Amino acid sequence: STQSTGKNQNPTEKMNLFIYVILCCCIPLCYSSVTSSNPFSGKSFFVVPTFSESISSTIEQNNSTASSDVIKVLEEVRNIPTAFWIDKKSRINGNSSVSSLLSANTDNSLVVFIVYDLPNRDCSAKASNGEICCYKKNDSTCDYTQTGDCADGITQYKEYIDAIVAVFTTHSSVPIVVVIEPDSLPNLITNQNLPTCGNATNTAYLTGITYAVNQLSSLSNVAIYIDAAHGGWLGWGAVQYAELINKLDILTKIRGFSTNVSNYRRLGQTCPTVGQCTPPTSSNHSCCYDPCGLASSYNPAHDELNYIQVLTQKFQSVANYTPHFIIDTARNGVNDMGVVSCSNWCNIRGAGLGLRPTTKTDNSLIDAYYWLKTPGESDGCTKELPTGQICPRFDDACLSIDSIGNKTGEPKAPEAGQWFEYQILMLATNAHLDAPTSTPTSTPTSTPTLTPTSTPTSTPTSTPTSPPTSHPTSPPSGVRRSVVLLECLMLCSVLALILFS
């Protein structure tokens, strides 16, 4: 047969080929061009006012009893940017909300948000159960085990996402980064055997996250990262995670993935090759320092930098996709916390503040280290709250021997997301804001040297009023990305016309 190209094609064939090139080549190529730059680069980062207020209150309450070194750290910390968690519908509009925060951002600094309100949220634990349910019990809590399509829960979640998109749209000049639903998809990889993470929950997570990405990716000023847990959780299941993400058909719409969100995992040191520290190789290279003993259990992601390397390899193999990453460094400033079990995650004793937010990561695939978890906010409650009441969202994980509140002399922990003064004092005591955290160090001071002078209270509820710390150093990302996208599409279309004329 004769190959039909160029001038041998009839007009219909030429038009069909032109449309094919636009759809299959130009759009993916041009979209890639606008998502290929680091959204954190050249930006100032917004300081969340409520965090600053909480730190200021802690300083005031402990100024006469805390060491001068701790107070000095806290004075520095209150001006450090953190992410803002949209963990309730009420945090979208009103006081201390997405809307009020963006309105206070008069200099258009980059703002990081955590989207966190899926139906049947936190399916493998109880500490962070959310407000949207697939189905409810008689006491109005979520019935995680009921089967069904979660239609009502998904509808509520779509309304939640639509409300966020509406607010973001009114602030189109502000560069925004969103982290989508910490722990959700990782739970579908490792906890499918739990009735609470299967059934309707599975449908809710997959449908909800796909919808969130599709809606948020329509905004040119928003960069999206999907949560990928941490290496101690998904190091063994990285390929399954990559396969799941690939099936969702969202890779062209996201920048990459977040890791270590709300956890304490050390950064470590990237090894020359993947799996260098696991048997049978078990290298003595300095990158193999592994206080948790993960590598000996055949986990090549024994720290977060090696987890990044593992995830990159798996996504390149599964989807021919090279992701970018952000790592939560809010509380991983101590390499070896001396814990009994590295699987413990609730208010870990001996932790310290980690590297302050920065784009200086020495790895082109890591866009930023950032404080995604708000340091000082509790991971979960002890069985008894500081008020003496029984905690309604108590999780057995918060009873671990490594968790604050379970030793004589330690205060009880408040519910997840509430301000925990004792913890922030400990984090400040063991802080490493600038020093490298890859070199092994001795076990830190396990507890702060004082007890808070007041009962921990919830995060302040006042409307954000303080401006960001500095002016942006580059044009608003929404304008820049829109111009680049338009120019790329025009150029690609012209080339396609020439090719098939």
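Everything numeric here is computed off the predicted structure, so don't read it as measured data.

1. Quick look at the pairing of strand β4 (residues 222-227)
Consecutive side chains of a regular strand alternate in pointing toward one face of the sheet and then the other.
Part 1: Among the six residues of β4, six are classified as buried, and the element is accordingly described as predominantly covered.
Part 2: The alternating pattern of β4 places Val222, Ile224 and Ile226 and Ala223, Tyr225 and Asp227 on opposite faces, both of which are buried.
Part 3: Of the strand pairs in this sheet, strand β3 (residues 176-180) and β4 are connected by five bridges, and their pairing is parallel. Bridge pairing links Val178 to Ile224 in β4.
Part 4: Inspection of the sheet shows β4 paired to strand β5 (residues 256-259) by three bridges, in the parallel sense. Across the sheet, residue Asp227 finds its bridge partner in β5, namely Ser258.

2. Considering the environment of Val274
Part 1: Secondary-structure assignment places Val274 in the loop between β5 and α10 (304-319).
Part 2: Distance in space between the C-alpha atoms of Val274 and Asn306 is 7.4 Å, their sequence separation being 32 residues.

3. A closer look at the environment of Tyr289
Part 1: Mapped onto the elements of the fold, Tyr289 is located in the loop between β5 and α10.
Part 2: Note: C-alpha distance between Tyr289 and His302 (13 residues apart in sequence) is 8.5 Å.

4. Side note on the packing of aromatic side chains
Part 1: Inspection of the entire model under this criterion finds 15 aromatic pairs.
Part 2: With centroids separated by 6.2 Å and ring planes inclined at 85°, the aromatic side chains of Tyr241 and Phe315 adopt a geometry described as edge-to-face. Placement of Tyr241 in helix α9 (residues 238-247) and of Phe315 in helix α10 is noted, with a sequence separation of 74 residues between them. Note on accessibility: Tyr241 and Phe315 belong to one class, buried.
Part 3: An angle of 40° between the planes, with centres 6.3 Å apart, marks the rings of Phe257 and Phe325 as tilted. Separated by 68 residues along the polypeptide, Phe257 in strand β5 and Phe325 in strand β6 (residues 324-328) bring together distant segments of the chain. Here Phe257 matches Phe325 in class, with each residue buried.

5. Some points on the environment of Val340
Part 1: Examined against the element boundaries, Val340 turns out to sit in the loop between β6 and β7 (366-370).
Part 2: Leave out the neighbours within four places in its chain, and Val340 touches Ile401 and Asp402.

6. Observations regarding helix α3 (residues 68-77)
Part 1: Burial in α3 covers these residues: Val70, Ile71, Val73, Leu74 and Val77. Along the axis of α3, the buried positions cluster into a sector of 160°, meaning they face one direction only. In α3, the exposed positions angled more than 90 degrees off the buried face are occupied by Ser68, Asp69 and Lys72.
Part 2: Lining the buried residues of α3 we find α2 (49-62) and α11 (421-429).

7. Notes on the packing of α2 against α3
Part 1: Interhelical geometry of α2 versus α3 gives an angle of 160° and a closest axis separation of 9 Å. With respect to each other, α2 and α3 are oriented roughly antiparallel. Relative to α3, the crossing made by α2 is left-handed. For the pair formed by α2 and α3, the contact residues are Phe51, Ile55, Thr58, Ile59 and Asn62 on the first element and Ile71, Leu74, Glu75 and Val77 on the second.
Part 2: Per-class residue counts for the contact of α2 with α3 are six nonpolar, two polar and one charged.

Definitions and limits used
Residues numbered from 1 in each chain as written. Predicted model: local features only at pLDDT ≥ 70, side-chain atom pairs only at ≥ 80, totals over all residues. Heavy atoms only, no water. Buried < 20%, exposed > 50% of the residue type's maximum accessible area, 1.4 Å probe, protein only. Helix = DSSP H or I, 4+ residues; strand = E, 2+ residues; numbered from the N terminus. Pairing = 2+ DSSP bridges. Phe/Tyr/Trp six-rings, centres within 6.5 Å; stacked < 30°, edge-to-face > 60°. Contact = heavy atoms within 4.5 Å. Arc of directions from axis to C-beta. Axes fitted to C-alpha atoms, helices over the stretch in contact; angles between N-to-C directions. Parallel < 35°, antiparallel > 145°, perpendicular 65-115°, else oblique. Left-handed = near helix turned anticlockwise from the far one by under 90°. Nonpolar A, V, L, I, M, F, W, Y, C, P; charged D, E, K, R; others polar.

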